[in-house]
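A structural walkthrough
Chain by chain, the residues run as shown.
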Amino acid sequence: APILYGKHARIEEKDFTNKIKKDCLQKVLNNFGEIIWCRHSAVITKEELKNSGLFAYYNEEEIDDSFTGKYNGVKFKIQETKMCLARTKSKDYVFNGIILSFETNKTIKNRTLVATKGDYTSKKQDFLTYGFMIILPIYTFLRCIADSKPESIIYAIISFIAIVLAILAVKRYTATPERIDKVEIEDPEFNKNFIAYSSDQIEARYALTPSFINRLKNLQTAFGEKNIKCSFFKNQVIIAIQTKKDLFELGNLYKSINSSEFINTLFNELKSVQNMITYFKFDEKTGL
């Protein structure tokens, strides 16, 4: 067979990986319990993602692998996705990674967000993007006011309207349904690596226990990434892990199909999800 390089090699590798996944992945997943795999299909709705408060505004979404399942009677969803804010000539990626969603019988009256420092939630939007939306029309408006030509007044009015619309857009996409404030946790290790917001300080401290943080770290380890964020809201928990890796692979062109590496990685990823369900005891109808 000819040796392929560059783009053609990447296409061949992707085709090979997808064929293995198509032929084998569901059979492997059957050994983990009730898990159904699908491709390019949204299992977590856009409304759920918006209500979580974890993501900055986006207008395009690309979905790769997704799963629905049940563990200890608890339904969960997993979605590998990319979100971006697409403009005429460019795209800014808001999120690229894996999203986990759990249904819970526990009572979650308020919203609590926790994220590794430097990661963005809707509480901490990319203000460079929104700032540009406002600064540019303001600059144009001031230039037009300074110009004494009659036609400049028309441009000034248009610019002023653009400023108002930009401000309304920022308020719409950065607002949360309720006021959420920073949570002060008396844990130096937590404060070093994470930041949290909540609409209820007491409930947040009850949720963000050292054991929970350890489970988040286990997810980080299992998926091999640092940036992770989580939202408690409306009797639901959504966790998002930022990663550029191709997840849930069972093989590639560069390693033997008999290698146990891919199966072990898949096992660790799914087991960490099951451990999170076990920790929260989502199947028990109790308060958080």
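A brief report on the enclosed structure follows. In this text the structure is predicted, and so the values were computed from the model without any measurement.

Observations concerning the environment of glutamate 269
In this fold, glutamate 269 is placed in helix H8 (residues 261-280). Given the relative accessible area of 4%, glutamate 269 is considered buried. Along the sequence, glutamate 269 and phenylalanine 223 sit 46 residues apart, while their C-alpha atoms lie 6.1 Å from each other. Among all residues touching glutamate 269, those that are not within four sequence positions of it are Ala222, Phe223, Leu247 and Phe248.

Considering the pairing of strand S9 (residues 236-242)
A regular strand carries its side chains on alternate faces of the sheet. The buried fraction of S9 amounts to 6 of the 7 residues, a majority that puts the element mostly inside the structure. Bridge count between strand S4 (residues 91-103) and S9: 7 bridges; the pairing is antiparallel. Pairing of phenylalanine 102 across the sheet is with valine 237, part of S9. In terms of strand pairing, strand S8 (residues 228-233) meets S9 through 6 bridges, oriented antiparallel. Note that in S9 the partner of phenylalanine 233 across the bridge is glutamine 236. Here S8 hands over to S9 after 2 residues, with lysine 234 in that stretch at a positive phi of 45°.

Side note on the side chain of arginine 111
Looking at the element boundaries, arginine 111 is found in the loop between S4 and strand S5 (112-116). We classify arginine 111 as buried; its relative accessible area is 6%. A polar contact of 3.5 Å, which involves the side chain of arginine 111, links it to the backbone oxygen of serine 52.

A closer look at unusual backbone geometry
Positive phi outside glycine occurs at asparagine 72, with the angle close to 55°. Residue position: asparagine 72 is located in the loop between strand S2 (60-71) and strand S3 (74-86).

A short note on helix H7 (residues 210-223)
If you check H7, its first and last C-alpha atoms are 20 Å apart, about what 14 residues at 1.5 Å a residue would give, namely 20 Å. Considered for burial, the residues of H7 that qualify are Phe212, Ile213, Leu216, Leu219, Gln220, Ala222 and Phe223. The first or second residue beyond H7 is glycine 224, which carries a positive phi of 65°.

Parameters at a glance
Residues numbered from 1 in each chain as written. Predicted model: local features only at pLDDT ≥ 70, side-chain atom pairs only at ≥ 80, totals over all residues. Heavy atoms only, no water. Helix = DSSP H or I, 4+ residues; strand = E, 2+ residues; numbered from the N terminus. Buried < 20%, exposed > 50% of the residue type's maximum accessible area, 1.4 Å probe, protein only. Contact = heavy atoms within 4.5 Å. Pairing = 2+ DSSP bridges. Polar contact = N/O pair within 3.5 Å; in protein donor to acceptor, adjacent residues only side chain to side chain. Expected span 1.5 Å × (residues − 1).

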